[in-house]
Amino acid sequence: MTATPAPLGLIAEITHRCPLHCVYCSNPIELAAQREELATEDWLRIFEQAQQLGILQLFLTGGEPLARKDLTELVRSAREHKLYVNLITSGIGLNAARLDELVTAGLDHIQLSFQDSDAAAADEIAGARAHALKLQIAQEINRRDLGFTVNIVVHRRNLARLPQMIAMAEELAPQKLEVAHVQYYGWAFRNREQLLPTCQQVDESIAIVESAQKRLAGRMRIEYVTPDYYGKYPKACMGGWGRKMMLIHPSGRVLPCHAAEVIPDLRFENVRERPLRWIWEESTAFLRFRGEAWMPEPCRSCDRRAQDFGGCRCQAFLLTGDAAATDPVCILAPKHAAIEKIVAAPAPQLATPEREWIYRL
Amino acid sequence: MTPAPEDRPRLAPGCRISESDQQTGTLLVPEGAIKLRGTALRILEQCDGARTLAEILQSLQLEFSASDPERIAHDTIQLLGQLRDRNVVTW
């Protein structure tokens with residue numbers, strides 16, 4: 001048997017605590033409590049193991065990673081172990097002094113999330129008054145020597161303001177703007193009817209992004225994460241199951257992706273009990289959908305199987321009840337009708353009064 | 001966008017050459033890594049924001065004196081242009 005290639009990135013969900021209550025939160029329905037969280041020394045051991053495993057990139061995320069008081073210590077240790085340190089944050093809990101501390105500790109890159117360009121609409125989605133604080137902290141980030149990405153999550157309710165959102169990002173002047181459609185897992189699945197854009201909105205948004213990409217070339221790069229319900233073929237979820245990424249849940253469970261716990265009958269190992277290398281190379285959860293042996297037809301004989309790896313296992317489970325099914329987003333999938341039905345639904349509802357949001361608790 | 005002789009290219013914020021011995025020649029960038037082949041590493045090591053493109057080219061042409069100097073200039077300018085489009089270098 002050939003050796004398993006090393007993972008490229010480690011996603012460290014260091015806490016599920018978060019001051020925001022976004023209606024499309026991608027964290028699982030059941031959040032980890034603070035008392036379940038790994039201790040500082042657990043993370044320091046993990047970073048050492050990650051270095052030995054050949055991991056290059058660390059993504060500190062949550063919840064809101066700033067909610068952990070030991071964040072600076074974690075960043076410093078990760079850099080000592082030669083990892084590139086990304087912080088994925090809402091910015092809430094950050095100020096000039098703490099930012100200086102993190103930069104001195106070796107933080108390489110901040111991805112700061114926004115909900116909208118309109119303050120009231122942004123705060124409605126977040127369930128908190130956060131927008132004005134984010135604008136302030138963006139300016140602080142820009143004055144310091146580190147990579148800066150602005151992330152804006154888009155959906156039916158804010159897509160009409162896409163040009164204004166791009167203009168806002170231009171003023172904040174990050175190196176990169178990531179415009180990401182809501183992906184329908186976790187909490188977002190509950191608010192899907194309210195968030196799912198219309199086909200027309202998606203088409204218009206693609207044209208807007210393409211013209212902005214041309215205009216801003218060399219100044220600000222725009223990455224557009226298209227909503228996969230509207231694609232012809234599925235996304236290469238996580239770059240393939242157990243192929244590039246591993247994710248550690250606040251409690252220490254190691255997952256192939258953030259949503260994997262929705263799949264029943266998978267046993268996830270814990271870094272409190274097992275070394276990271278063993279989990280990556282030998283645990284049943286990582287082996288379950290790694291490679292091609294698990295694939296059903298039409299994936300098994302499809303030319304695209306090395307491009308999209310069969311798509312997303314969690315989505316296959318959520319929409320068909322079978323985690324080993326071809327991702328129903330694919331036009332070749334036997335269950336593709338499930339997607340067509342969902343995508344066809346939102347248009348007539350646009351004019352109807354909005355339902356109440358189900359806020360992230 | 002390609003650099004002019006008087007431009008002083010440097011790595012963009014958040015981009016650095018890996019410090020690890022196991023990852024020689026890896027350029028780390030926000031949320032990713034780029035494997036640098038051949039002389040690309042030598043070129044980027046000189047992009048310190050102090051030296052001009054003209055000075056960098058001179059130094060590379062001296063170091064690789066067996067190669068065609070025109071070719072070195074062409075390849076260097078092309079590489080920097082591509083990396084600028086990816087926001088990895090700036091000037």
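Structural notes, computed from the coordinates. (Residues numbered from 1 in each chain as written. Chains lettered and ligands numbered in written order. Predicted model: local features only at pLDDT ≥ 70, side-chain atom pairs only at ≥ 80, totals over all residues.)

Observations regarding the overall build of chain B
What chain B contains, in helices and strands, is three helices and five strands. Scanning chain B from its N terminus toward the C terminus, one meets helices and strands in the order β-β-β-β-α-α-α-β. On C-alpha atoms alone, chain B measures out to a radius of gyration of 13 Å, which is about the 12 Å that the 2.2 N^0.38 rule sets for 91 residues. C-alpha extents for chain B along the principal axes are approximately 35 × 25 × 20 Å. Out of the 91 residues belonging to chain B, those deemed buried represent 29%. By sequence separation, contacts in chain B at least 24 residues apart represent 59% of the contacts at least 6 residues apart. (Helix = DSSP H or I, 4+ residues; strand = E, 2+ residues; numbered from the N terminus. Rg over C-alpha atoms; globule rule 2.2 N^0.38 Å. Buried ≥ 20, exposed ≤ 12 C-beta atoms within 10 Å, placed from the backbone. Contact = placed C-beta atoms within 7 Å.)

What to know about the overall build of chain A
In terms of helices and strands, chain A carries 14 helices and nine strands. For 361 residues, the compact-globule estimate of 2.2 N^0.38 gives 21 Å, and the C-alpha radius of gyration of chain A, at 20 Å, lies within 12% of that figure. Summarising its shape, the C-alpha atoms of chain A cover approximately 55 × 50 × 40 Å along the three principal directions. The proportion of buried residues among the 361 residues of chain A is 45%. Here the contacts in chain A between residues at least 6 apart in sequence split such that 73% fall between residues at least 24 apart.

Examining the packing of helix α2 (residues 71–80) of chain A against helix α3 (residues 96–105) of chain A
Residue and element names in this part refer to chain A. Interhelical geometry of α2 versus α3 gives an angle of 20° and a closest axis separation of 8 Å. Here α2 lies roughly parallel to α3, going by the angle between them. Handedness of the α2/α3 crossing: right-handed. Contact residues: Thr 72, Val 75, Arg 76 and Arg 79 in α2; Glu 101, Leu 102 and Ala 105 in α3. Across the contact of α2 with α3, the residue classes tally to three nonpolar, one polar and three charged. (Axes fitted to C-alpha atoms, helices over the stretch in contact; angles between N-to-C directions. Parallel < 35°, antiparallel > 145°, perpendicular 65-115°, else oblique. Left-handed = near helix turned anticlockwise from the far one by under 90°. Nonpolar A, V, L, I, M, F, W, Y, C, P; charged D, E, K, R; others polar.)

Overview of the interface of chain A and chain B
The interface of chain A with chain B comprises 19 residues on the first partner and 18 residues on the second. Elements supplying a minimum of two residues to the side of chain A that touches chain B: β3 (84–89) and β5 (147–154) of chain A. A per-element tally of the side of chain A that touches chain B places β5 of chain A first, with three residues. Within the side of chain A that touches chain B, the residues separate by chemical class into six nonpolar, eight polar and five charged.

Here we look at unusual backbone geometry
The amide bond that connects Gly 62 of chain A to the next residue, Gly 63 of chain A, takes the cis arrangement and shows omega of 10°. Looking along the chain, the bond that leaves Glu 297 of chain A and enters Pro 298 of chain A is cis, with omega of 5°. Following the sequence through the fold, Pro 298 of chain A ends up in the loop between α10 (284–288) and α11 (305–308). Phi angles above zero are rare outside glycine, and Glu 31 of chain B is one such case at about 65°. Relative to the helices and strands, Glu 31 of chain B is located in the loop between β3 (26–29) and β4 (32–35).

A few points about the environment of Pro 328 of chain A
Residues and elements named next belong to chain A. With respect to the helices and strands, the residue Pro 328 is situated in the loop between α12 (313–320) and α13 (337–344). Linking Pro 328 and Ser 90, residues 238 residues apart in sequence, is a C-alpha distance of 32 Å. The contacts of Pro 328, once residues within four sequence positions are left out, are Ala 316, Leu 319, Thr 320, Ala 333, Lys 335, His 336, Ala 338 and Ile 339.

Section: the pairing of strand β8 (residues 245–248) of chain A
Residues and elements named next belong to chain A. Because side chains alternate across β8, one face comprises the buried residues Met 245 and Leu 247, and the other comprises Met 246 and Ile 248, equally buried. Inspection of the sheet shows strand β1 (residues 9–13) paired to β8 by four bridges, in the parallel sense. Note on β8: the bridge partner recorded for Gly 9 is Met 245. The pairing of β8 with strand β9 (residues 254–255) spans two bridges and is classified as antiparallel. The residue bridging Ile 248 from the neighbouring strand is Val 254, located in β9. Counting the residues in the hairpin turn of β8 and β9 gives five residues, including Gly 252, whose phi is positive at 105°. (Pairing = 2+ DSSP bridges.)

Quick look at the pairing of β4 of chain B
Residues and elements named next belong to chain B. Note that β3 and β4 share four bridges and pair antiparallel. When the sheet's bridge partners are listed, Thr 26 is paired in β4 with Lys 35. Taken together, β3 and the strand that follows it, β4, pair antiparallel across an intervening segment of two residues, in which Glu 31 is found at a positive phi of about 65°.

Re the sheet that holds β3 of chain B
Residue and element names in this part refer to chain B. The strand order β2-β3-β4 describes an open sheet built from three strands, whose pairing is antiparallel. Taken across any chain shown, the strands that pair with only one partner, and hence form the sheet edges, are β2 (16–17) and β4. Sheet analysis places β2 next to β3, joined by two bridges and oriented antiparallel. Each residue of the ladder has a partner; that of Ile 17, found in β3, is Leu 27.

Description of the environment of Thr 284 of chain A
Positionally, Thr 284 of chain A belongs in helix α10. Between the C-alpha atom of Thr 284 of chain A and that of Phe 268 of chain A, which follows or precedes it by 16 residues, the distance is 8.0 Å.

Description of the sheet that holds strand β4 (residues 109–114) of chain A
Residues and elements named next belong to chain A. The nine strands lie next to each other as β7-β6-β5-β4-β3-β2-β1-β8-β9, forming an open sheet whose pairing is mixed. Strand pairing shows two members of the sheet lacking a second neighbour, β7 (221–225) and β9, which therefore form its edges. Most of the contacts of helix α8 (residues 199–216) go to β7, to which it runs at about 160°, and overall it touches β5, β6 (176–181) and β7.

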